[in-house]
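This is what each chain is made of:
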Amino acid sequence: MSLNCFSQATTSQKISGTIQNDQTLLPISNVNVINLNKSRGTNTNEKGFFEIEATVNDTLHVSYIGFQSIKIRVTNDWIKNKTTKIQMTEKAIALEEVIIMPYNLTGYLEVDSKLIPSRENYRYSISGLQQGYEAGEYSPNAFNRVMGSIFNPADMLYNFFGKKPRELKRLKEMKKDNNVKTLLESKYDREMVSVLLGIDKNEIAEILERCNYSEAFVKEANDLQIMDAISQCYEQYKVLKKN
């Protein structure tokens, strides 16, 4: 008896698309398009056009400031036709009330230094650079906090790092793509990081706090710095757990 078997290999191809405003049908430039499965990204040009490498069932994350972000599954029809049109919807943004708390300073340094609250913010400086850098794993108690998480099933890091190895590996792959790095350097909304890790934006702050990053860093860092911080903490966690 003989049996003939045939298999079809799934290979990546270049697909394209045009992104439009669903109300005006005008093209939207500089839209961020990232293939979450391939860890690759690109942007639309002035005509709203983009090209990206993908295979069937890959998920593309499309985002732009002022518009609702969307996820799109790559279908057989898209692969066959090579191109498609995508429409994005503008967000309805409501401005929140901002309360400014003034400090009544006296002019005496010893008194005023106590009136203004200080934040715990571990940073180190490099000669010749104006910007200070977050200490993270080099700050006091960083080793003990990550070490304590390894043996505590109720700990946030224990559950997060244990259940997200694939997603955390994806963060590392993302850094190899220059388009993605450039995109994350200009973003501060944590949306892409939360999508890649499959967690809520609010959980990112808790993860970084457990990794000993300061509140100031969590609020001020761009998405690339946030991604690097989580990746570094995960690498430290793996090394300590292995040993």
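As a reminder, the structure under discussion sits directly above these lines.
What this report covers is the structure whose coordinates are included nearby.

The rules we used
- Residues numbered from 1 in each chain as written.
- Predicted model: local features only at pLDDT ≥ 70, side-chain atom pairs only at ≥ 80, totals over all residues.
- Heavy atoms only, no water.
- Buried < 20%, exposed > 50% of the residue type's maximum accessible area, 1.4 Å probe, protein only.
- Helix = DSSP H or I, 4+ residues; strand = E, 2+ residues; numbered from the N terminus.
- Arc of directions from axis to C-beta.
- Pairing = 2+ DSSP bridges.
- Axes fitted to C-alpha atoms, helices over the stretch in contact; angles between N-to-C directions.
- 1 Å grid on protein atoms, 1.4 Å probe; cavity = no way out; pocket = protein on both sides within 12 Å on 5 of 7 lines; lining within 4 Å.
- Points joined across faces, edges and corners; volume = space filled by probe spheres on them.
- Nonpolar A, V, L, I, M, F, W, Y, C, P; charged D, E, K, R; others polar.
- Salt bridge = Lys/Arg side-chain N within 4 Å of Asp/Glu carboxyl O.
- Polar contact = N/O pair within 3.5 Å; in protein donor to acceptor, adjacent residues only side chain to side chain.
- Contact = heavy atoms within 4.5 Å.

**Section: helix H6 (residues 178–185)**
Stage number 1. Among all positions of H6, only Val180, Leu183 and Leu184 are buried. Angularly, the buried residues of H6 cover 95 degrees about the axis, an arc narrow enough to put them on a single face. Opposite its buried face, H6 presents the exposed residues Asn178 and Thr182, each directed more than 90 degrees away.

**Some thoughts on the sheet that holds strand E6 (residues 70–73)**
Stage number 1. Read from one edge to the other, the open sheet built from four strands follows the order E3-E2-E5-E6, with strand pairing classed as antiparallel. Looking at the sheet topology across the chains shown, the edges are occupied by strand E3 (40–43) and E6. For this sheet, the mean inter-axis angle between neighbouring strands, taken without regard to orientation, is 20 degrees.
Stage number 2. With four bridges joining them, strand E2 (residues 32–35) and E3 adopt antiparallel strand pairing. Within E3, the residue paired with Asn32 across the bridge is Asn43.

**Observations regarding the layout of surface pockets**
Stage number 1. Volume-wise, the second largest pocket comes out at about 230 Å³.
Stage number 2. Together, Asn30, Asn32, Asn43, Tyr64, Ile65, Asn178, Asn179, Thr182, Leu183, Ser186 and Lys187 line the second largest pocket.
Stage number 3. Tallying contributions element by element places H6 first for the lining of the second largest pocket, with four residues.
Stage number 4. When its residues are assigned to classes, the lining of the second largest pocket shows three nonpolar, seven polar and one charged.

**Quick notes on the pattern of salt bridges**
Pairing is possible between side chains that carry opposite charge, provided their charged atoms lie close to one another.
Stage number 1. Inspection of the entire model under this criterion finds four salt bridges.
Stage number 2. A salt bridge links Lys187 to Asp189; the nearest nitrogen and oxygen atoms lie 3.4 Å apart.
Stage number 3. The partly exposed category is assigned to Asp189, whose relative accessible area is 33%.

**What about the environment of Arg40?**
Stage number 1. Mapped onto the elements, Arg40 comes out in strand E3.
Stage number 2. With 20 residues separating them along the chain, Arg40 and Leu60 place their C-alpha atoms 9.6 Å apart.

**As for the side chain of Thr59**
Stage number 1. Here Thr59 shows up in strand E5 (residues 59–63).
Stage number 2. A polar atom in the side chain of Thr59 sits 3.4 Å from the side chain of Arg73.
Stage number 3. Discounting residues that sit within four places of it in the chain, Thr59 has contacts with Ile34, Asn35, Leu36, Asn37, Lys71, Ile72 and Arg73.

From the geometry alone we can't say anything about function, so treat these as descriptive.
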